[in-house]
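Below, each chain spelled out in residue letters.
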Amino acid sequence: MQLNAELISVNEFNSYSLLERTPFSLVFRTQQKDEYYEQGIFTIVHPEEGNLELFLTPLGFDEVGMKYEAVFS
């Protein structure tokens, strides 16, 4: 099953890390109104960048649909 999603925000975390990179998260929104997927690994398909496997966690519904977050630490 395919579900369209829109990237709605990119958030940097201001936490101390020994790593040279800054931890961040991506938040996606779907058009789902009353159902959602449990957290897990999903294939994100981008028409120009190709496929990417991400662990997504549901954040909750807003006025448009369901939001999901992928965290990169």
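Residues numbered from 1 in each chain as written. Predicted model: local features only at pLDDT ≥ 70, side-chain atom pairs only at ≥ 80, totals over all residues. Heavy atoms only, no water.

### Observations concerning the pairing of strand S3 (residues 40-46)
Pairing geometry for S3 and strand S4 (residues 50-61), over seven bridges, is antiparallel. Following the sheet pairing, valine 45 is matched in S4 by asparagine 51. (Pairing = 2+ DSSP bridges. Helix = DSSP H or I, 4+ residues; strand = E, 2+ residues; numbered from the N terminus.)

### Some remarks on the nonpolar core
Formed by Leu26, Phe28, Leu54, Leu56, Met66, Tyr68 and Ala70, the largest nonpolar core amounts to seven residues. Mapped onto this core, the elements with two or more residues apiece are strand S2 (24-30), S4 and strand S5 (66-72). The leading source of residues in this core is S5, at three residues. Setting aside residues no more than four positions away along its own chain, leucine 54 makes contact with Phe28, Gly40, Ile41, Phe42, Ile44, Ala70 and Phe72. (Core = buried A, V, L, I, M, F, W, Y, C linked by side-chain atoms within 4.5 Å. Buried < 20%, exposed > 50% of the residue type's maximum accessible area, 1.4 Å probe, protein only. Contact = heavy atoms within 4.5 Å.)

### Quick word on the layout of surface pockets
Sizing a probe to match a water molecule and rolling it over the atoms shows the empty space that remains. Reported here for the largest pocket is a volume of approximately 520 Å³. If you go around the largest pocket, you meet 18 residues; those closest to its centre are Leu3, Ala5, Thr43, Ile44 and Val45. For the lining of the largest pocket, the elements supplying multiple residues, two or more each, are strand S1 (5-12), S2 and S3. Among the elements that make up the lining of the largest pocket, the one with the highest residue count is S3 (five residues). Across the lining of the largest pocket, the residue classes tally to 12 nonpolar, five polar and one charged. (1 Å grid on protein atoms, 1.4 Å probe; cavity = no way out; pocket = protein on both sides within 12 Å on 5 of 7 lines; lining within 4 Å. Points joined across faces, edges and corners; volume = space filled by probe spheres on them. Nonpolar A, V, L, I, M, F, W, Y, C, P; charged D, E, K, R; others polar.)

### Topic: the side chain of serine 25
Topologically, serine 25 is positioned in strand S2. A distance of 3.1 Å separates a polar atom in the side chain of serine 25 from a polar atom in the side chain of glutamate 69. With sequence-adjacent residues up to four places away left out, serine 25 is seen in contact with Ser9, Val10, Asn11, Phe13, Glu69, Ala70 and Val71. (Polar contact = N/O pair within 3.5 Å; in protein donor to acceptor, adjacent residues only side chain to side chain.)

### A few points about the packing of aromatic side chains
This structure, assessed with the given rule, holds three aromatic pairs. Considering the side-chain rings of tyrosine 36 and phenylalanine 61, the 6.2 Å spacing of their centres and the 80 degrees angle between planes classify their relative orientation as edge-to-face. One end of the pair, tyrosine 36, is in the loop between S2 and S3; the other, phenylalanine 61, is in strand S4, and 25 residues separate them in sequence. Taking the relative accessible area as the measure of exposure, tyrosine 36 reaches 41% and is therefore partly exposed. Judged by its relative accessible area of 39%, phenylalanine 61 falls in the partly exposed class. Ring plane angle 50 degrees and centroid distance 5.7 Å describe the contact between tyrosine 37 and phenylalanine 42, whose orientation is recorded as tilted. In this structure tyrosine 37 comes out as partly exposed when scored by relative accessible area, which is 29%. (Phe/Tyr/Trp six-rings, centres within 6.5 Å; stacked < 30°, edge-to-face > 60°.)

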